[in-house]
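Below, each chain spelled out in residue letters.
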Amino acid sequence: MSTQDRLVVILTALNLEYEAVCERLSDLTVHRHAAGTRFEVGRLGRGGCRVALALVGKGNHPAAVLAERAMAEFSPAAVLFVGVAGGLWPNIRLGDVVVASKVYAYHGGTSENDGLRARPKAWEIPHEADQIAHHVARSGRWRDGLTAEPHPATVHFGAIAAGEVVQDSAVSEQARWIRQHYNDALAIEMEAAGVAQAGHLNRALPVVVVRGISDHADGTKTSTDGHNWQPRAARHAAAFAVALAQELVKTPPDPRNQKHRQRQECACAND
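Residues numbered from 1 in each chain as written. Predicted model: local features only at pLDDT ≥ 70, side-chain atom pairs only at ≥ 80, totals over all residues. Heavy atoms only, no water.

Trainee: Explanation requested: helix H7 (residues 229-248) in the structure shown.
Mentor: Each full turn of the α-helix corresponds to 3.6 residues, which orients residues three or four apart in the same direction. For H7, which comprises 20 residues, the first-to-last C-alpha distance of 28 Å matches the rise-based estimate of 28 Å (1.5 Å per residue) to within 8%. Most of H7 is tucked away, with 14 of its 20 residues classed as buried. (Helix = DSSP H or I, 4+ residues; strand = E, 2+ residues; numbered from the N terminus. Expected span 1.5 Å × (residues − 1). Buried < 20%, exposed > 50% of the residue type's maximum accessible area, 1.4 Å probe, protein only.)

Here it is, written out as structure tokens:
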């Protein structure tokens, strides 16, 4: 299969994130799943790889279900989750991009007499995808076409914490919990754990989470949203994601997966 024929699934939670990716696609056609999910399938620019784009909404649970649906429908080379997130450290500037080297599902725990004990799940980015993402970041070409800014967006690689609530405080009980147990997390959001779990259960299909920082999760969200940081951060994440997608499809499919599918097809034919 040629690079142009291979397909990457890109999922977003918000419409503005969806639109930021959609602006970079051409020849879009609607693909309707039997259960009602609407995908738009197109190409990156002119002659780039194929992309199936879908809106999954907020939260890890719908993200997991629709990620699995997309994987079954398209058998993609990789799945990217693209959007905005809250930064957890001052050195992560608004508009910067965070690529998840690790995803924490931070709401796991056990309640005991002396307090809540953390029982997180975690998923690491596949090694090869991580290597490719670092290459894309080093090249800097992913910024082509972005509006010139005094401080160009920087790409950071680190852990992302994924939960079920919007974090907008630096002093709340949840903020203290995250600092205590997930001190290496660079950003916080609400969908990455679901998508990572779906990829893990689908023969370890490569999943990469790309987030643009739209606020600092410290009580200033209303102010930063008022300065249009959400669409700017979404555009930066989309720019990096599509550059990454184009590189990911250049990686030959794992022949072990192809042999596994062939054995499954033979077994089904003999039933």
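From this point on, the discussion continues.
Trainee: How should I be thinking about the pattern of salt bridges in this particular structure?
Mentor: Two side chains that carry opposite charge are able to pair once their charged atoms sit near each other. Going through the model one piece at a time under the given rule, you end up with seven salt bridges. Taking the shortest distance from any N to any O, the salt bridge between Glu189 and Arg211 comes out at 2.8 Å. You can see Glu189 sitting in strand E11 (residues 185-189) and its partner Arg211 sitting in strand E12 (residues 207-215), a full 22 residues away along the chain. Of the two residues examined, Glu189 and Arg211, each falls in the buried class. Here the salt bridges do not stand alone but share partners, grouping Glu189, Glu191 and Arg211 into one network. (Salt bridge = Lys/Arg side-chain N within 4 Å of Asp/Glu carboxyl O.)

Trainee: Would you mind going over the nonpolar core with me for this structure?
Mentor: Most often, soluble globular proteins keep nonpolar side chains buried together rather than apart. Membership of the largest hydrophobic core comes to 78 residues, with the highest contact counts inside it found for Ile10, Leu80, Phe240 and Leu244. If one sorts the elements of this core by residue count, H7 sits on top with eleven residues. Discounting residues that sit within four places of it in the chain, Phe240 has contacts with Val97, Val99, Ala133, Val136, Ala137, Trp142, Val155 and Val210. (Core = buried A, V, L, I, M, F, W, Y, C linked by side-chain atoms within 4.5 Å. Contact = heavy atoms within 4.5 Å.)

Trainee: Would you explain unusual backbone geometry in this entry?
Mentor: Trans is the prevailing form of peptide bonds, just as negative phi is the prevailing case for residues other than glycine. Even without being glycine, Ser75 reaches a positive phi, approximately 45°. Looking at the element boundaries, Ser75 is found in the loop between helix H2 (60-74) and strand E5 (78-87). One non-glycine residue, Ala217, adopts positive backbone phi at about 50°.

Trainee: Could you clarify how one ought to interpret the environment of Glu191 in this entry?
Mentor: In this structure, Glu191 sits in the loop between E11 and helix H5 (192-200). Residues Glu191 and Val103, spaced 88 residues apart in sequence, show a C-alpha to C-alpha distance of 10.0 Å. Sequence-distant contacts of Glu191, that is, excluding residues within four places in its chain, are made with Ala13, Gly57, Lys58, Gly59, Asn60, Ala63, Phe81 and Arg211. Engagement of the side chain of Glu191 in a polar contact is seen with the backbone nitrogen of Gly59, the distance being 2.9 Å. (Polar contact = N/O pair within 3.5 Å; in protein donor to acceptor, adjacent residues only side chain to side chain.)

Trainee: Would you explain the packing of aromatic side chains in this entry?
Mentor: Counting across every chain of the model gives four aromatic pairs. Considering the side-chain rings of Phe39 and Phe74, the 5.0 Å spacing of their centres and the 80° angle between planes classify their relative orientation as edge-to-face. A residue pair is termed long-range when its members are at least 10 positions apart, and Phe39 in strand E3 (residues 38-44) and Phe74 in helix H2 qualify at 35 residues. Assessed through its relative accessible area of 15%, Phe74 is described here as buried. (Phe/Tyr/Trp six-rings, centres within 6.5 Å; stacked < 30°, edge-to-face > 60°.)

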